[in-house]
Every structure is written in structure tokens, then in C-alpha cells.
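Listed here are the chains, written in short residue letters.
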Amino acid sequence: MPSANSEDLRRKFLVVQQQRSAPPNLAGDNLGQPPHHSTMPATAPTLGTNGEPERTYVFPGTHQVGNAAAGSMPGGPGIPGVAIISSHGNTTLNPAGQSRGGHARSVSHGGGAIVAVGAGGRPIKSAMKGHQRAFSQGQITDSPPGSAAPAGRGHSRVGSKTDFILPPGHKDEPVREREFGPSAPSSATGGRGHSRQASRSESIYTLRRTEAPPWWKRFSLCNYNTNDKFEERSYRMVVPNHTVPPKTPKREHPNGQFVGNKIRTTKYTLLSFIPKNLLEQFHRVANLYFIFIVLLNWVPAINAFGKEVAMIPVLFVLGVTAVKDLFEDRRRRASDKRINNTTCRVYDGETERYKRIKWQDMRVGDIVHLSNNETVPADILLLRTSDPHGVCYIDTCDLDGETNLKRREVVRGFTEMQNIFVPSKFMSCVEADAPTTKLYRFHGALIHPTGERVPISTECLLLRESRLKNTDYIEGIVVYAGHETKSMLNNSGPRYKRSQVEQQMNIDVIWCVIILLILCVVGAIGCTMWLRSFVNFPVPYLPFPVDPAYEGMLTFWTYIIILQVMIPLSLYVTIELCKILQVFHIHNNIDLYDADTNKQTECRAMNITEELGQIQHIFSDKTGTLTENKMIFRRCVVNGADYNHPPSELEKLFAKPGAPAPPLLPNEALIDDMTRLSGGAFLTPNAQRIQEFLVVMAICNTVIVSAAPHRDLMNASGVIELHQSGSNPAMNSSPATVKQVRSRGKLLATTSTTTTTTTILNGGSQPAAMAAMPADRYTRLAESRSVTPSPPPNLLFAMPAQSHQPTLSPISSSPESTPNSESPSPPMKNKAISNSISPTGRAKAVINSKITSIATFLNAKTQGKRLKINETKTQTIYRTADGRPLYEAESPDELALVNAAYSYDCCLLNRSPNHILVSMPTASATVEYEILKILPFDSSRKCMSIVVRQTGTQDIVLYTKGADSSIMPVLAPCAHNSPEGLLREQTQQQLDRYAREGLRILVMAKRTLNAADYTDWWARHQEIEMSLENRERRLRDSFAKLESNLTLLGATGIEDRLQDGVPETIASLLAAGISVWVLTGDKPETAINIAYSAKLFTQQMELIKLTARSRDAAETAINFFLTDLRNAKATTSTGYSLTPRSKPRALVVDGKTLTFILDTKSKLILPFLKLAKACASVLCCRSTPLQKAYLVKVVKEELNLRTLAIGDGANDVSMIQMADVGVGISGQEGMQAVMAADFTLSRFRYLERLLLSHGYWCYDRLARMILYFFYKNAAFVFLIFWYQLYCGFSGSVMMDQMYLMLYNLLFTSLPPLAIGVYDNRVPEDLLLKNPYLYKNGRLGLVYRPHDFWLILLDSLYQSLVIFFVALCAYAESDVGIWEFGTTITASCLFANLVHCGIEIRSWTVLHVISIMLSLGSFYIFSIMYNSICVNCFGLPSTFWVIFRCFGSSVHWLTILLSTVVAVLPRLLLTTVRTSMCPDDSTKVILQSKRERTRESPIMGLRIRL
């Protein structure tokens, strides 16, 4: 659209008043119908004011194409509210201007006229005497001045962007009330024809927009959030941006209230960093306390320190935390910048071209063009695809972790318009749900200007961060952008949880506050009593009278200041630094790195590393977590006979993660039974059943066949180039040729190109042209596009043939063509496309088509000399290692079934939305099936079905595959002794055997449908799909009606192998005393077998099964087993038991029983937990995601246990988020569990090392560091308090104030870090060899509540020793107060460092350096401070004091004596405890040392066995 029309567009956009005009005639000349209902002449101009043809959009619907007259339309095919398009190219607008009551619409798509026809040939309701609407962007038809509106005709509507949307809940008038007969009343404003507009006086955009919050909310920091101001409504209305004038202010733009596509996961900006970071840090009570201390020190009456000195601790702690937050935020900012600067193509309404813009510049309402392998930048509603059937495929690995392709379809009604869709004609609005975190929940409607509402669902939505696959290009409108997209709403970033150690530490901090208050109260009372003792004579050192009570109150606050070290402010900073370093070591542990997947262990929650060492309960998923999620076809049962497929040597070659499925070696017995003939010419019934069973395996799925590379068809100018190739060569493969290719067995890997061309002989004489365009002429266009094949190049193997030469002529990727069908001829196709683009684009297309035609002709002559074109044709085929076609499936199960069918020559050749081509095992037959309906899999039905009709026949068959629990109950009734009944019994026996072997079971069945019955079901089902109320439940009921009375065909057993190291890992976890629960959706028999294989269950365990079908039965079973446990315990305690120890027990519960147990009204939760607690392992089968999460919740809350949940799929997210520690497996199902987890592992086996070594270390180090921190702070505070006994409780201190402030921040800051990060109490190899050592953290043995009080007693003792040893040493001397205080400070420092040395269990260079730096920092600072500062910061002078101490022997002897006496009890206690009653870790270390000592030295070396 020319930009000159923007003012006209703005004028139309703002028009609200209602206008009356006579609707022009839209009947074509070829209709031959006389005018009806009106005699008023009207004009229908075909040109706009600027001479350009009026361009409008034909809105989608079920179109009836033909040239019949409106009155002669057959009844039935017409649908009310749908336009009928004539296909004649010479059909134009009626120049006579004959009027027919209805909506005025002009047509520019192919020159067809619109005839509004209802059922039975009558004009539809909206076309009778309704409103006039003009839908073009710049031209509207206004009635001339002075023209009278005919009676009964309603209001006209002007413009294409106002008042075409009905609010939710609106109900139109009944049909009969809106039918206008000849006797309609003549009222300009009267009832008929005025059905939607009169009740509204302003634009629909104004009605749709929620009013802005009041000013006091907008300016309030606490209550107002710009992202939440439009969240009050539960839906949103999205208008295409190109229908809005380009320079419309954001406030007036209908999409202006929606957020942009720019994302920001950072916490801060350049301006908000300081205030926001300070605000976050002030949320900590300790920081607020120290800010209060600083402010308190500014009160002249009670200040104890210098004002500047008092700010040092707070500034240091706040500064260190801010720098840490800044570096973390900087990393997030770099990631955001990279994502926001990614480019994509967005439609520009002014230039009518697509242009490249950054993701951050995209807005809701933009129309986006994406090419193959591009990442979806926002949540997009699909409108157009390169496939003529409106289908595309996406990879959602980054969202839900599923690496298989998902199929998406365009909005209903747009399928027929794929070749004529033009963004500039799209005027419809999208009404959708408000943004939610639910990935696969999306409801709404596409509302056309006609008022027609087309439901939209998840099948039409492409989610941000998914990737387009197997599709040349798609186009769609942005519905959600930026932080409102589902992927961003689900990405909550790092989790902040409170660990058990931190909670215990907070309790002890409160005790520190209480002790501080007690000391302050004692000091204030002492000060008051000391002042009151001087009644008859003046108070010494105070030349003025004082009030004892008032002075006591001021002294209380003075003590708060000088004893502030009791509250460990720097402890929080030290803990954060420790955890960051612990996470760094976890990330960089080479033993936690998986070379096969190139993934390392990651930590997303920074503050719960110590929780890894305290886990008491583990909840694990099975599929994909314990198993490989790589399905291998093992067994099948058909006609009651079992056919085994044992492991082969080929499987070892494909065992690497990410490798394709291994080829299957066929079972000879199955081949013989499948090809057995009856009478020499026909297959036996059993052979027919086997072949039909293989057909179900091949077609009852969503597997697609990759057959051609996918190209970016848009050139650098933003125009999609026209298809010049006639037919789709990729789809012209014959089954015989495919089998011939498979039989050769000679495969050559092609590494230079990702595609190959195979020359295939063709029996018939069929002319073809090899289209090739000169590359030198279009070098710029070639560089602007990408040729991106969907299949991964490293898995491709090609047949020996000539190499493929990429040209600009795009290879069609439509899978619709069959070997016997050809694509539309190029002239017809070019004409259809040229009618749907702008005049400028049409002119360029004509020029390009002529150039291409010449190039094609010349290249055809050149290549015709080298190739016999009439005898050969070219086909691009992708092959895997064994010659199979490259299949892409939505689930590993489907891929295993299709590959198994291929191994028996039942090959899926091609799949399109409407057809499936299959080669049959016998006689090289090829069968084509027409897809009538696909009933997709869902977790409620647990099955999938497909309704097909074989081409050339009228037989309609429903094929179904699903879980045995879903298929077996819906089989057609039969007698137990009948052949069918016996067959089912034999099949069930085999299924039970498969379950015992741990195989995943899928049952195949079919149902032959009557055409009339299927037609009735289809009509009812269509109504349900169009409905919006209870749609999902009604769809399930409709599917269930069709999936009934089935005939059994057979069943399959698929192996999902355990991951490497899973049995050993579970055995170690159980040996560590951790209860392991496996929660799975598999049937009990399969899950129990996997539990035995994974060593969750052992043969020595007694198996308890809870299987109940009512609440009472569940209660009875639980009480029975509890009673049995009590009796066994009583028997064992009395000593009359024959066995010295009862057998361990394992519990198995199914999903139905869990439903009764977890119901709060049943009151069975506590008895069940009591029973489960008495069992070593628990297995929950057939459990749903909500049941998993609720089990974690009740165990965590009712039993007060620390839980860990591990899973790999979207169904594990609830469980992962509910647990204290969530672990995601980044494997086959990948990313959604990872996004919700606190820690990420690549394989389950790494959980052993993460918990037993890193978890043990993190808890042990952090617990001992916290206790050491409390100790050194309390000892220092007690020293200051003892001095108050000798200074009249005046609040004076004997040490320099700088020492007081820097003691924690500088002098003793490194040793705690050395303990918290690098101290190994037990080496890693011993921890893994002795899992029971994990009880040290599981039972919380290092940091118990009474340990805090023992530490305080130790600090109290050491402070008494240090103070009074120094007091006695300097008794009767003239030592100054600062020298006395310096000696005490140095003695305390030495005692603390020696105490630290006793706590360190593994000395390293870092430990030595930390202690030396602590001593060095104290003496270096003292030397510099005492030699430079004579009177700094207004503090009392301590000039040259440290040098006097250096020259005093009393100083050094005091330090030595006080340190030895203070630390001696701790040293003796540790020595006695280690020698007399060592703990388990000490025993293991001593045992290891003894074993190393016993190793015989030979030739000066030690040999370790």
C-alpha cells in the first residue's frame, strides 16, 4: 500500500459515526440473475481515488467454487456466513450497479466476485439488507451527499478496522428475527438491519481496552507494575499492525498496551542498580540492624565510635554483595543482548514487503515470515505455510525437551488460501487468552470482519524458542511477545530457596541477638548501679552531675554499638562467597561432565548447595530418567504367537547418545507366517492379520518422511520467489525402486554435500526438464537465503549418484504428490500466485518468470545432451546408515514401530496431511490410504487412532494403538471359548510376560466403519470442534464413541533400556540411607521389572502390593499391612523370632489406589506414609503428574523430611518444583524439566557423585564454617564485655576502634572461606566407596542445635583465659590502655587461628595461605596505621603502639600463654574423641591409612592392588 494513503487510513481508523449508504451490487455478470429486493441504482467503483484497483481480502471459510447462479446452488454445501467465490477469470464487478441487499465487498484475488449464498440457494443473512462494509486499506465507498437510505437497510460501516469485533458473551438475534421480508418496516434506525452497532457509540478498541490505573497507583513503587496494568481481563484482542496507520501513537494504538518483544532477564539497569540493589539488601534483617547501628552512632549522646569508622562494616558488606550481584547480572545482560539482536523478517505495511528487524523491535500484531530451521521469535498464530495443506513442523526441544517434531496447522479456513494469501489483505483480529504459563493451553478465536468467529487452539500456535523444521517457510501473526510468551513466563530464572542449615543459622542468630540484649541490659544496670554508688562524693572522671537512670539508658544504646560484632553481619557475605565457589567447583568437576552429550552439571539455585548433603527422600521418574528413552523393538504377538527380536551386534554401534535407532534384524518365523499362501494364490487369514498388523505399525502415527531439502524462498528484497519447477521430483519414487535400493546394501557416505541426487530408471517415456538458473546473475539473491535441510548431516548416507547442485529454483517440499500425481502446471500456479500479490510484485514476477523460462530452456537443452531425460528422472533421497528413509517422529515409540515395519518390507514411503503411501511386503504392492481423521494421543485415553480409506475402495477403517489398559476393555464382545476369545487370552498371557520383562506394551486394534455411521459421527464431531464450552471433555467423549467395538490385531513389546550406571547409583543411594521412590506412568508389571533391574528392589525384599478399587478396600489393605508390621516387630523384640532380622520390604502402589489415598477426605495419608516409611523402597505405578507433586508435598510436610525430585520431562515439572531440591535430566526429553530444576545433570548416574561427595562436602564445610564464625565473634565480644567490669560499665573499649571494625571484615575473613570451600573431611574415593558416611549430613550430625551452645561455652572460656591472662601479666605495671588492648587483640587472633587449624581436616596450600594472610594483614595494617595516623578520623591516637608491643617480651609471652591455655581443652577433647570413640568418617580414614601402610614397598615403590 502506498504510504500516501496513510492519512486516509488514519481518517478511517478514527471514524466512529454511523453512515448510511446504498450497498452496491456484487453479483457477477455471469450469474445471469435479475436484480432482487431493490431498484435503487448504486455504483460499485473498481478503482480507488488514486486509480489503483480496490484491494480487499476474501475471508476464509468453506468456499464453494463454481460458476453456477446463486439461485441454482444445490442445497447443503453453502454455509451461512461464508462467501462463495466464482472461479471464472472473466467475472468482474457488475458495471450496471444492480443492487442486492448485502455487504459490499470488492475482490482482487483472481478477479472473482463474491456471491453470498445460504443453504438452498438463498442469500445468507448477512447479505440480505445488512450493513455495507468496505475492507480495503485506502478506499471506501461512501454514499453520495443527499442520497437516502432505503427503508430497512441498516447502518453502513466505514473502514476495515473498527467495530467488526463482538465482545465476549455477545449473542446475535435469532435467525428469524433477522430475516428481512418485503414487509419490513421503513425505519432508518429501526430494528431490522441494526443488530450490532447501535448499542455502541465508540470504536471497539476503546471498549476492549482496560482503563489505566489511577495516578496514585501509577506512581506508587509498591503497588504498580507496568507489566501488570492490563492483566485484569482474561483475554486480549490483537489487531494486525499493518491495518493501523503507521504513525499512530502508542497510547491510541489498539496493540499499544501489550509489551514488546525485547526481553530482559537482568535485575538491574544502569540507573536502577544502586537503589534497587540496596533495597534488596535491606530486606535482610541483619543489614537493617547494622544500618540502625550506624544511624545510632550519629547521636552525640551515645556515639561510641567515629562516625566514619562505624560505616566501614556496612559499606564493606554492601559493596561486596553489590559487586557479586553486578557480575551475575552482567552475564545475564550479555545473553539478553545476543537474543534481542537476533534478526527475523516482519511485514512492513508501508512498503508492502518483508524486512529484517531485530527480535527486540517486533510487536504484537506483526506478521512474521520464518524459514526452515529458524527459531520462532514470539508466540505466533500460524496463517500460512509453504505446504499447500497448511501444515508445518516444529521442534520444541528448548521448551518441553521433546526432540521429536510437532505438527502445527494453519487456522481453519486458511488451508485453501495458502497460494493466494497476502499479508496486506489480512484484516481479521485475534481474540486470545491472557498470557499463561501453560505451554499447551491456548484458546481463542479469529474474528473476521464479517463477524465470523473461527476457533483457534494450540494446534495453530508456534511458541517462542521452538524451531521450524521440515518446512520451507511459514507466516503468522504475533499474539504474545517478550515476557508474555509462554517460554518466558515459564523461565523464572534462578530459584532462591532456604536450606535447613540456613534456617537453623537464622535461629542461632536470633539467640545471638538475645545474648546481645542481655549483655547490654547487664551493662546498663551495672552503669546505673556504679553511678548510684557515688552519693556523697562526685563521680570520678565526671566533673559534672549526672542522672544514673538517664545515663544507664544511654549506656544501653552505647553497648548496642560496641557489641555489634555479636551479630555476624559478614557471615552472610561469607556464606554467599562460599556457595558461589562451591557451585564453581561443581560446574568444573570433570567427573560430572558427560562427553557423549557434551553437557556438564549446572546449578540454577545458588543458595541450597548444602541441601545436597541432607537429602532423606528421592522421588524419581522412570522413563528418560532411569532409562535411555531410546525405544528398541523387542517382541510382538500376532495371532497369539510370540515373535522375539533379541539384541544384535549392530545395537552396540548405535548405543551412543544421540545416535539413530539401530536396524532391526527380522524374525524368520514371522516372515514365513506373513508370506504363507492359501491355495497357492491368496494369503492365509493369519498372514493377512500379520500384514494388517504391520500396516498399523507403519501408518498409525505422526511420522513424516524427510524427502527434500528446504530452502528459504524469500529473496533479499523481502519477496517470496515463485515456484518454477513443474512437479515435485522428490515424491516420484516407486516402491520397487526403494526395495531395489535397499537390496543393494552398498552405501556411500557423502560428506561434501548434505543432499544427494539419485538417478532412477523409469519404465515409461516421460519428458522432464532439468531446471537450472545461472548462478552468476543472481549471486546477491543466492547469498541472501539459506539452504537448510531438516535432517542432521551426520546421520545421512546417500546412494551412489551424481552430486546435487543447488540452484535458485526451489525444490518443492510438498509431500502431497504421489507417484501417479503431478503438481499443478507452472502457468496455472504462476497465475494463481500473481493474482495474490501487489502490482509491483506482480510486475517483478512476470520479469522473473520470463528470465527463468529462458534459463530453463537453455539449461534443458544443455543437460539433455548428457542425460536421457525421457528415460530417467531425478530424485533426492535421504537415507540412514542401513538404507532406511529418514523418519522424523513425535515419540521414540512411533519411530521404533515404523522402523520395525520397515524391516518387514512394510515401508512408509510418504505421508501428507491427506494421504499415506505404504509399500506392502508381498508382490511389491504399493497402497495409498486417504486420511479421513486422526484422533491424537492424549494422557486420558492413552491411545491414538487414525481413520483411513484405501484408495480405490470405499472401506473406511479405524486403526488404533495404545496401552493395553485402554484398548483391551473396548474390544468387541465375544464368547470366552470362541476363537477370538482364545486369541485374546493368549495375547494377554504374552502381554503379562512382556510386562515381567520390563517391556513397554502397545496393543494394535482396528474397526471397520460403516460410511453412514462415520458420516453421522463426523457431523457431530465437527460441531464439537467448533464449540468453545467444555470442548476438551466433549472431544474425548466423541473419540471414545469411535474407539469402541474394536478387533484385536496384536501387540508389541518395546524395550526402554536402563541408562549406564543406574543400578549402581540406586544401590549406593539406598546404602546411604536415602529412601528412593520411583513414580512412573507405566503398568505395575513393567515398573516392577524395571525396579528389579535398577536394584531398587532386591530378591531379599518382601514385596507389598497396594491395589484397591475403593476407599474402603485401600484402608483395609493399609491397616492389614500395618498390623503385620507391628506383629513382626513385636515378635522380633521378644526374641522368639526364628530369623535374626526381618526382611526389608518394598511397596508397590498403583495410580487408582493413590487416588483414594491422596484424597484428604479419606484420611489415609498418614497411615499410608507410616507404611511407606517402614519400607526401603516405594514404587508408584500409573501415577499422574499431579499425584507425583502431591506425594512429594505430603512426604515433605507430614514427615518433615528433606526431599529431592529428579525427572526429565514436562510431566515432572510439578514434582521438581515441589521438592526441596529439584534435579532435571537434560537428556532426550530435556529442557522444560531443566528450566524448572535447581540442578541439571546429563545422566542419572551423576546423582551419586553429586550427593555423596559434593553434597557431603558442601554441608560439612558450610556447617563447620558457620559454627566457627559464631565462635570467633562471640569470643571477641566477650573480651570487650569483661573489660567493662574494670571501667565502671562506661562503654569504653580497650582496643583501637579500627581493630574492632576490621577484626571480622579483614583479619579473620579468609580462614572461614578456606574451611567452607576447600576443606575435605573425607576424600572423594572413600565417600563413594562407603555410602553410609552420607548419614553425617542426612541426620544433620555436624550442625545440631546444641552445637551452637557448646561453641558459645568454648568462646566464653577462651575469652576469660585471654582477658585475665593479659590482665595478670600486666598487673602492677604502667602499661597503657592501647598497648593492653593490642595485646588482647593479638592473643584473640592467634587463638582463633589455632582453633581454625584444629578444625581443618585436610591441610592444603590454600589453608596455610589463608592463615598467614590473616596474621600478615593484622600486623601490616597495625604497622601502617600506628606509624602514619597520629589523629585519623577523629579517633584517639594510638601512634607507635604496635612498635612498643614488638619490643615487649610480656606481649609475646602473653600471646603464647593465653593461646595455649585457651585452645588446649579443644585440642584434648578432639584427641580423646578421635582415639576413644571415633565417628564413622574417622574410622574410614584410619582404615584407609592402615591399608596403605600394610602395602609392601618394593624397590622403593608402593603397589596398590
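Since the structure is predicted, the reported quantities are computational estimates derived from the model, not experimental observations.

(A) Summary view of the overall build of the protein. When you go through the protein residue by residue, the secondary structure sums to 44 helices and 43 strands. A total of 1505 residues make up the protein; the buried ones form 55% of that total. When the accessible area of the protein is evaluated, it comes to approximately 65,900 Å², of which 58% is carbon and sulfur surface.

(B) Representation of the confidence of the model for the protein within the structure. With 69% of its residues at a pLDDT of at least 70, the protein reaches an overall mean of 74. Considering only residues more than four positions removed or in separate chains, one finds that residues 1-6, a stretch of pLDDT under 50, has 13 contacts. When the criterion is pLDDT under 50, residues 12-213 qualifies, and its contacts beyond four places in sequence or with other chains add up to 397 contacts.

(C) Summary view of the pairing of strand 12 (residues 453-456). Pairing analysis gives four bridges linking strand 11 (residues 444-447) to strand 12, with the strands arranged antiparallel. In the sheet register, I447 faces strand 12, and the bridge partner there is R453. Two successive antiparallel strands, strand 11 and strand 12, enclose a turn made up of five residues, where G451 displays a positive phi of approximately 95°.

(D) View of the side chain of T609. Secondary-structure assignment places T609 in the loop between strand 16 (602-603) and strand 17 (617-620). Residue T609 is classed as buried on the basis of its relative accessible area, which comes to 0%. Of note is the side chain of T609, whose polar atom sits 2.8 Å from the side chain of Q582. Those residues in contact with T609, other than ones at most four positions away along the chain, are K579, Q582, V583, F1239 and C1258.

(E) Looking closely at the packing of helix 35 (residues 1297-1307) against helix 41 (residues 1405-1428). With their axes 11 Å apart at the nearest point, helix 35 and helix 41 run at an angle of 150° to one another. Accordingly, the angle class assigned to the pair helix 35 and helix 41 is roughly antiparallel. Considering the relative orientation of helix 35 and helix 41, their crossing is right-handed. In this structure, helix 35 contributes M1298, Y1299, L1302, L1306 and F1307 to the contact, and helix 41 contributes S1414, S1417, F1418, F1421, S1422, Y1425 and N1426. Partitioned by chemical class, the residues of the contact of helix 35 with helix 41 number eight nonpolar, four polar and no charged.

(F) Layout of unusual backbone geometry. Of note, N373 is a non-glycine position whose phi angle comes to about 75°, a positive value. Tracing the sequence through the fold places N373 in the loop between strand 6 (367-371) and strand 7 (379-385). At E465, a residue that is not glycine, the phi angle is positive and equals roughly 80°. Mapped onto the fold, E465 is located in the loop between strand 13 (461-462) and strand 14 (467-469).

(G) Summary view of the environment of L886. Along the chain, the position of L886 falls in the loop between strand 26 (872-876) and strand 27 (887-888). The exposure class assigned to L886 is buried, which follows from its relative accessible area of 8%. Along the backbone, L886 and N899 are 13 residues apart, and their C-alpha atoms lie at a distance of 9.9 Å.

(H) Highlighting the sheet that holds strand 18 (residues 627-638). Strand order in the open sheet formed by nine strands is 19-18-34-33-32-31-30-29-28, and the pairing between neighbours is antiparallel. Among the strands making up the open sheet, the edge pair consists of strand 19 (641-644) and strand 28 (907-911). Going across the sheet, the axis of each strand differs from the next one's by a mean of 30°, ignoring polarity. Contacts from helix 21 (residues 892-903) reach strand 18, strand 28, strand 31 (943-950), strand 32 (956-962), strand 33 (999-1009) and strand 34 (1047-1058), with the element oriented near 45° to strand 18.

(I) Structural view of the packing of aromatic side chains. For the structure on display, the rule yields 38 aromatic pairs. Between F421 and F426, the ring centres sit 6.3 Å apart and the planes meet at 50°, which makes this aromatic pair tilted. Side by side, F421 and F426 carry an identical accessibility label, which is buried. An angle of 10° between the planes, with centres 6.1 Å apart, marks the rings of F1446 and W1452 as stacked. Using a relative accessible area of 28% as the deciding quantity, one classes F1446 as partly exposed. For W1452, a relative accessible area of 37% gives the class partly exposed. Grouping aromatic residues by their ring pairs yields a cluster made of Y1299, F1307, F1418, Y1419, F1421, Y1425, F1439, W1440, F1443, F1446 and W1452. Geometry around F258 places R236 over its ring, the cationic atom sitting 4.1 Å from the centre. Here K1272 stacks its cationic end above the ring of F1269, 4.1 Å away from the centre of that ring.

(J) Broad picture of a positive patch on the surface. A contiguous patch of positive charge on the surface is contributed by K262, R264, K276, R333, K337 and K358. Looking at the secondary structure, you find K262 in the loop between strand 3 (235-238) and helix 5 (273-281).

(K) How the structure looks around the pattern of salt bridges. In this structure the tally under the stated criterion is 43 salt bridges. Between E431 and R453 there is a salt bridge; the shortest N-O distance is 3.0 Å. Residue E431 is found in strand 10 (residues 429-433), and its partner R453 is found in strand 12; the two are separated by 22 residues along the sequence. Residue class for E431 comes out buried when judged on its relative accessible area of 8%. Linking E894 and K961 is a salt bridge whose minimum nitrogen-to-oxygen distance equals 3.9 Å. With E894 in helix 21 and K961 in strand 32, the pair connects residues that are 67 residues apart, well separated along the chain. Note on accessibility: E894 and K961 belong to one class, buried. In this structure, a network of salt bridges that share partners links the residues D1260, R1264, D1319, R1321 and D1479.

(L) Representation of the side chain of T1382. Positionally, T1382 belongs in helix 40 (residues 1377-1399). Those residues in contact with T1382, other than ones at most four positions away along the chain, are Y1299, V1441, I1442, C1445 and H1451.

(M) The arrangement of the nonpolar core in detail. Counting 112 residues, the largest nonpolar core has M505, L563, I1266, F1270 and Y1343 as the members making the most contacts within it. The biggest single contributor to this core is helix 34 (residues 1246-1284), with 19 residues. Setting aside residues no more than four positions away along its own chain, L563 makes contact with L516, L519, C520, V1277 and I1280. If you look at the next biggest cluster of nonpolar residues, it comprises 48 residues, including L694, M920, Y929 and L1049.

(N) Geometry of a nonpolar patch on the surface. Taken together, the side chains of I507, I510, W511, I514, I518, V522 and W1349 make up a nonpolar region of the molecular surface, amounting to roughly 620 Å² of accessible area. Take the nonpolar patch: its biggest share by element is six residues, from helix 11 (residues 500-532). By secondary structure assignment, the location of V522 is in helix 11.

(O) View of helix 21. With 12 residues, helix 21 ought to run about 16 Å at 1.5 Å a step, and its terminal C-alpha atoms sit 17 Å apart, in line with that. Here helix 21 lies mainly inside the structure; 10 of its 12 residues are buried. Listed as buried for helix 21 are D893, E894, A896, L897, V898, N899, A900, A901, Y902 and S903.

So, how was this worked out
Residues numbered from 1 in each chain as written. Predicted model: local features only at pLDDT ≥ 70, side-chain atom pairs only at ≥ 80, totals over all residues. Heavy atoms only, no water. Helix = DSSP H or I, 4+ residues; strand = E, 2+ residues; numbered from the N terminus. Buried < 20%, exposed > 50% of the residue type's maximum accessible area, 1.4 Å probe, protein only. Areas by Shrake-Rupley, 256 points an atom, 1.4 Å probe, with all protein chains shown as cover. pLDDT = per-residue confidence, 0-100. Contact = heavy atoms within 4.5 Å. Pairing = 2+ DSSP bridges. Polar contact = N/O pair within 3.5 Å; in protein donor to acceptor, adjacent residues only side chain to side chain. Axes fitted to C-alpha atoms, helices over the stretch in contact; angles between N-to-C directions. Parallel < 35°, antiparallel > 145°, perpendicular 65-115°, else oblique. Left-handed = near helix turned anticlockwise from the far one by under 90°. Nonpolar A, V, L, I, M, F, W, Y, C, P; charged D, E, K, R; others polar. Phe/Tyr/Trp six-rings, centres within 6.5 Å; stacked < 30°, edge-to-face > 60°. Lys NZ or Arg CZ within 6 Å of the ring centre and 35° of its normal. Patch = residues over 30% accessible without salt bridge, like charges linked within 9 Å, V, L, I, M, F, W, Y side chains within 5 Å. Salt bridge = Lys/Arg side-chain N within 4 Å of Asp/Glu carboxyl O. Lys, Arg positive; Asp, Glu negative; His and termini not counted. Charge placed at Lys NZ, Arg CZ, Asp CG, Glu CD. Core = buried A, V, L, I, M, F, W, Y, C linked by side-chain atoms within 4.5 Å. Expected span 1.5 Å × (residues − 1).

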